[in-house]
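This is what each chain is made of:
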Amino acid sequence: MTRYARLVVRRAGWVVLAWLALTVVMNVAVPQLEEIAGQDSSPMVPHDAPSIRAVASMNSAFSSGDAQSFIVVAMERTSGLTAADQRYAESLVTDLTTDEKDVTFVQDVRQPELRKALTSKDKQARYLLVGITGATGAPASLTQVAAVREIVDEKAPDGLTVEVTGPTATVVDLATETEHSVGRITIVTIVMIALILFLIYRSFAIPILILTVVGIGLGLGRAAVSFCGLHDLFAVSTFSGSFLTAIILGAGTDYAVFLVARYHEERRLGTEPTAAAAIAASRIGGVIAGSAVTVVLAALCMAIADLGFFNTTGPAIAVSIAVNLFVSLTLTPALLALAGQRGWAEPRESGGAAVWQRIAGLVAAHPVRMLTVSLVPLLLLAAVFPLANLSYDVREPLADDAESNRGYALLDRHFPVNEVLPDYVLVQADHDLRNTKDLALIEQASSSLARHEGVALVRSITRPGGEPITQASVAYQSGLIGDRLGKARGDIAEGADGAEQLAEGAGQLDDGAGQLADGAEQAVEGADSIATATTRLSRGMTQLLDGADAAVAGTRDLKVGAAALADGLTTAADQVQLAVDGLGLAYDALATKSLTCGLDPACSRARAGIKQIWEAERDQLLPGLREAARGARAIATGTGDLRTGLRQLRGGIAKARTGTQQLAEGQQVFADKLGDLSSGADQLAAGADRIRGGTEEVAASLPELEKGLAAAAQHLQATRDEVDDPASGGFYLPPTALTNPDFEAASRLFVSADGRTARIVVLGKTDAFGREASSRSAEVRDIVDHSFGGTRLANADVMVTGMASTNDDLRRYSQSDLELIAITALIAVFLVLLLLLRSLVAATALMATVVLSYVAAMGLSGLVWQYGLGIPLDWTVAAVAFVILVAVGADYNLLLTKRMHEEAPDGSARGIARATAATGGVITSAGVIFAASMMALMAGRVTTIGQVGFTIAVGLLLDTFVVRSLLVPALATLLGKWLWWPQKAPTEA
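The following refers to the structure shown.

1. Side note on the sheet that holds strand 7 (residues 757-764)
Okay, step 1: As summarised here, the arrangement of the 4 strands in space is 6-7-5-8, forming an open sheet in which the pairing is antiparallel. Of all the strands in the sheet, just strand 6 (455-459) and strand 8 (797-802) have a single pairing partner and so form its edges. Ignoring strand direction, the axes of neighbouring strands in this sheet form an average angle of 20 degrees.
Okay, step 2: By the bridge criterion, 4 bridges tie strand 6 to strand 7 in an arrangement that is antiparallel. Within the sheet, the bridge partner assigned to Leu457 lies in strand 7 and is Leu763.
Okay, step 3: Across the sheet, helix 4 (residues 50-61) lies against strand 5 (423-428), strand 7 and strand 8, angled at about 100 degrees from strand 8, the strand it touches most.

2. Quick notes on the nonpolar core
Okay, step 1: Core analysis: the largest hydrophobic core is formed by 241 residues, its most contacted members being Val73 and Ile210.
Okay, step 2: Discounting residues that sit within four places of it in the chain, Ile210 has contacts with Leu197, Tyr201, Thr253, Ala256, Val257 and Val260.

3. Details of the packing of helix 25 (residues 771-788) against helix 26 (residues 803-837)
Okay, step 1: Look at helix 25 against helix 26: their axes get within 8 Å of each other, and the N-to-C directions meet at 95 degrees. By the criterion of interaxial angle, the relationship of helix 25 to helix 26 is roughly perpendicular. Taking contact as the criterion, the partners of Ala773, Ser774, Ser777 and Ala778 in helix 25 are, on helix 26, Ala804, Ser805, Asn807, Asp808 and Arg811.
Okay, step 2: Its residues assigned to classes, the contact of helix 25 with helix 26 shows 3 nonpolar, 4 polar and 2 charged.

4. Brief notes about helix 28 (residues 875-903)
Okay, step 1: Taking 1.5 Å per residue as the helical rise, helix 28 with its 29 residues ought to reach 42 Å, and the 42 Å between its terminal C-alpha atoms agrees with that figure.
Okay, step 2: Counting buried positions along helix 28 gives 25 out of 29 residues, so the element sits mostly inside the fold.

5. Section: unusual backbone geometry
Okay, step 1: Of note, the bond from Trp981 into Pro982 is cis; its omega dihedral lies within 30 degrees of zero at 15 degrees.
Okay, step 2: Positioned with a positive phi, Lys123 is a non-glycine residue whose angle comes to about 60 degrees.
Okay, step 3: Despite not being glycine, Asn418 shows a phi value in the positive range, around 60 degrees.
Okay, step 4: Residue position: Asn418 is located in the loop between helix 15 (403-414) and strand 5.
Okay, step 5: Overall, Asn418 belongs to the buried group, its relative accessible area being 8%.

6. A word on a nonpolar patch on the surface
Okay, step 1: Side chains of Phe198, Leu199, Phe204 and Ile208 sit close together on the surface and give an oily, nonpolar patch of about 460 Å² of accessible area.
Okay, step 2: Mapped onto the secondary structure, Ile208 falls in helix 9 (residues 205-230).
Okay, step 3: Here Ile208 falls in the exposed class, since its relative accessible area comes to 52%.

Reading the values: the criteria
Residues numbered from 1 in each chain as written. Predicted model: local features only at pLDDT ≥ 70, side-chain atom pairs only at ≥ 80, totals over all residues. Heavy atoms only, no water. Pairing = 2+ DSSP bridges. Helix = DSSP H or I, 4+ residues; strand = E, 2+ residues; numbered from the N terminus. Axes fitted to C-alpha atoms, helices over the stretch in contact; angles between N-to-C directions. Contact = heavy atoms within 4.5 Å. Core = buried A, V, L, I, M, F, W, Y, C linked by side-chain atoms within 4.5 Å. Buried < 20%, exposed > 50% of the residue type's maximum accessible area, 1.4 Å probe, protein only. Parallel < 35°, antiparallel > 145°, perpendicular 65-115°, else oblique. Nonpolar A, V, L, I, M, F, W, Y, C, P; charged D, E, K, R; others polar. Expected span 1.5 Å × (residues − 1). Patch = residues over 30% accessible without salt bridge, like charges linked within 9 Å, V, L, I, M, F, W, Y side chains within 5 Å. Areas by Shrake-Rupley, 256 points an atom, 1.4 Å probe, with all protein chains shown as cover. Salt bridge = Lys/Arg side-chain N within 4 Å of Asp/Glu carboxyl O.

Structure representation (structure tokens):
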């Protein structure tokens, strides 16, 4: 160390030029840190986090391209969206889709059903989702969100408010605001450091010298980090740059102050400037190296964390501190030598030394009291730390006028809570879920989720609008059956007129049948008359027969009488022939053409009587008359034997004696009655015709009735078979509904194209970024898993994603990372202290005080921010503050303890007091400067960075004025020689 120090001061000019040249070359040859940070793609949470894996699965299942995250384009017109606004929204789909470099997915608002879902009920707002390749929190998403915003703003109609929002946009706004704050923070930090240095040294030379070293260290540190990021040695994020500036300025200033303080001490002892610079470098070089190594190791512990915020910030801090270590150990001594040779770095008298001597003397005289005075407030503040509620809300660090926050406010005015920030539950099965049994299970899970007290709305394939599908309810099923039966009833009602015609026709048929019966009775009466006439004819024929006998005696007039008789008999036969033909037609009509005569007893009897008369006339009367006529004609013509002719005449007259004379009268009566019968038959035919029409209408309605009843029966049977499964919970969606166009449209939103992945959208009642929502996301998954237990979906893979679940993953990873960082950092710092101090007791005591200082600082920060300002501490504060406070606190204690070992190797109180007084001024100055540089982080507009800076600043001040000044000296005084155990105290010669 001594050799290197002498070389540096002897070649001071070359050393300065070398560092200046290297700084220029590095900043010219290597891109700026912000440019490298913008190329990073590290996500806010790891790719293997459950919520991120779910996003990848959802993108794959629902064809969202290679989107790693989503942003929301929200638009509003308070007077109501116009046709121009509609055309603008549709044009965005085309314009954004053509930007293949940045955009991978855009919701097609041109589809009517999707446009309706994305439009508020008051018709004043609309939104659409846009998928980008940059993951949430990845610097690559900065350019992508900026590109989308440029496209969105380019064609927005006048009067339409358009905002790009969503978690990814919020993180981008946060990163952008952080990046913009770096310049402001840098300026404020340098000004504050310069003022403090001027107050301490009361000259311009030393502050300029220190700021020169710090400036070169900052330029080289940033370039070195950028170089590492350029060659993928580690990832660099936007947040790395913001913390890097403050830490480099603070740590670099501390190292320079340590060297200047020892240089001034040597100059007061009369050492010439060049030698004083070499001695300061050789004596303090080890302490600075030890301090820097503790910071480097502690920061490197962040590299093994899972979260991108830690594993991109930690290595950057480590590299920049390492660069500043070399700059401080070489450039600072060289500048001190050059300035000292010109008398620019001479020490000035200060009254601070006397103050620290009095404090040191007080601690040495009353160690227990000082230990109590310092320990009690630290413990009280530490007790507040467990009460702190760490926030994972990325919106809180931003101002309300940030574009993403304006977008959230816009959506909240028109849409249900968390409309664009829901939890997505993915159900992945090994088969197509689009069947009644699996849909019933999905509905059961959706119903269970909807009953959770923290859930406002659940949307799924079975309840696309947030309410269960009406067609799947028992009431609807009953109504469906009723509707189908009602339709059949309506069809029958339409045939009611036919039924009335049927009834009327039946009545007319009855009337006609009655008339037919009356006519038949009259026909019977006519038949009776015919019978009477036939009897008379028979008597006449008997008389004719007697006359024929007498004719034997009177043959002279026989020829004339026979001719007249033949003519009369022929005329009678012709008349009988007409009657026979008429009766035959009547009988044939009643026997073969009337379908109802057989049903009426009167008609039946009439038909039988007609038959009897018809057969008698046909078979007996008519043949007899014909035969008698032939006999008479034969007599008249004189042909044949007279005796034979008379015999034939007598036989024919005998056959025709059945009422020949009354036949005409009976025939007339019968004809009249048959007319009545014909009239009744006509009415019967008309009624029958109306019966046929009505019957046809009823017959036409009967198939509809049959069809409706069959459908109802089939539906009931299918419902029975499906709902009989207890797992269905009474839910049943008929197969016909699966092909319904509206259902198919909803299906595309909630079921993948292959049907194996279903998506359930859960809107919580509380802020999606809040702690309650984060806790609820885990409960959502448990509810679905429990709902599927023991069913055919018991082995389905259930995943949850969304802002709340991502925050839940963030919470779990941040807690595990903090534990990992804390353990490894404590071990690393402890080993460094143990190596430098070679005392187990001293290293342990210092580590305990450092941890106590950190916990107290977190408690004080919680009191100020959470309980004082009402702003919860951001989750990043705990880990970053731990690394810096433990490392830097160990630096200050190391500087003090090393001086204690020089002044009091035997553990004497006087030696400890001398070490405390000697280092009091320099450690206090270093602590105040570092605290000021961290407090400058509050100059930015990002609350998170301000909280980190404030916590580290108050921690450094506590460590400087309480721990280092009172607690450690009092504890060391009480421990005495045991402070250096297992080292042995030196023996006096």
